[in-house]
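Notes for the structure review
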Amino acid sequence: MDRLMETIKDLSLLSGVSGDEGRVREYIQKRLAGHCQMRVDALGNLICEKQGAKRAPHRLMVEAHMDEVGFLVTGITETGMLRFDEVGGIDPRVVIGKPVRVGPEGVRGIIGTKAMHMQSAKERDETVPLDKLYIDIGADTKEEAEKLVSLGDSVVWESAFTPFGDGFLKARALDDRAGCAILMDMIQGEIPYDTTFVFTTQEEVGTRGAQTAAFGVDPQFAIVLETTTAADIAGVEEINQVCRLGKGPVISVMDRGAIYDKGLVNLAIATAQSRGIPAQIKEGVYGGNDARSVHTARAGVRTLAISMPCRYLHSPSCVLKTQDITATRDLTAALLASIWEESAR
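Reference entry: report on the structure contained in this document.

Calculation notes
Residues numbered from 1 in each chain as written. Predicted model: local features only at pLDDT ≥ 70, side-chain atom pairs only at ≥ 80, totals over all residues. Heavy atoms only, no water. Buried < 20%, exposed > 50% of the residue type's maximum accessible area, 1.4 Å probe, protein only. Helix = DSSP H or I, 4+ residues; strand = E, 2+ residues; numbered from the N terminus. Pairing = 2+ DSSP bridges. Salt bridge = Lys/Arg side-chain N within 4 Å of Asp/Glu carboxyl O.

1. Things to note about the pairing of strand 3 (residues 60-65)
Extensive coverage of strand 3 is indicated by the burial of six of its six residues. Residues Leu60, Val62 and Ala64 of strand 3 are buried on one face, and the alternating residues Met61, Glu63 and His65, pointing to the opposite face, are buried as well. Bridge analysis of strand 3 against strand 13 (residues 221-229) gives four bridges, and the strand direction is parallel. Among the inter-strand pairings, Glu63 is bridged to a residue of strand 13, identified as Val224. In terms of strand pairing, strand 3 meets strand 12 (residues 195-200) through five bridges, oriented parallel. Residue pairing for strand 12: Ala64 is matched across the bridge by Phe199.

2. Looking at the pattern of salt bridges
Applying the stated criterion across every chain yields a total of 16 salt bridges. Note that Arg108 is salt-bridged to Glu158, the shortest N-O span being 3.1 Å. Residue Arg108 is located in strand 7 (residues 107-112), and its partner Glu158 is located in the loop between strand 9 (154-157) and strand 10 (162-164); the two are separated by 50 residues in the primary sequence. Residue class for Glu158 comes out partly exposed when judged on its relative accessible area of 28%. The partner of Arg302 in a salt bridge is Asp261, with the nearest N and O atoms 2.9 Å apart. One end of the pair, Arg302, is in strand 16 (residues 302-310); the other, Asp261, is in the loop between strand 14 (250-251) and helix 7 (262-275), with 41 residues separating them in the sequence. Classification of Arg302 as partly exposed rests on a relative accessible area of 37%. Via salt bridges that share partners, Arg3, Asp185, Arg329 and Asp330 belong to a single interconnected network.

Pasting the structure below:
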């Protein structure tokens, strides 16, 4: 396994629910020591200034978010069960029966609900809402549970990093730890022009970190590295599959948060073609990412999103394909030069 994939593995195993990204940030800081100048802003964004071979005529920001969807402990029952709420958008259908880790000590638990044979026919036909679920940490009383966890503790799925099939890998939080790993790989190497790399917080709850980071960095150009939903699975008509694993990075034209700079979209397509890098256009207007906050910062930022196609997003088992990850890294690296060469004409 090469350095990039090892980094993705390490990052995917770290707890970093929105608003509680400290462990992820500390890992990145440790790995990048000596490779760039780093600072942390008030919202916890990690801002890295990397010197290139040449001084850049404008500020270019490349960013990925550190946070992941998860849960927050909101109550403890008298019988030691934990009540919780979601942090970020999670489909309740992927929650029941899943193992989790709670709080800074990573206390093990299981998300449970009333047993199926005790449910009414109506209940069995409906998705159980989160407020009817609980986390069982093996405590018998409230007092026993309070010795292990606290209200406000973050909760993440427990999910192993698992390569499988023909170049696929499964892990928790690949959205967007894979993007963070690509940024780290670029910072640890050589780049053509000075670039600001930003690891943002709280993307999953409204792209809040990106808003403050973009204001502070004040870039003229921005590349947002993300993952995006791939629906290339059974039961989905081809016309609705949006993007496909194994076809390279996904270049978005428009989503629910941004209309992307047409010049940068065309430049990304041309760069991919000239370098022989596989790439695809996102087939539909869905989702959103940090670009929604970045492109409207200050007087406006010319912004592009490059995403890795991901199956089962916001679940314990995100799935990416390794060739898409490396192609996304290659395209992003190539764009660092292409953007400045194009703007200088």
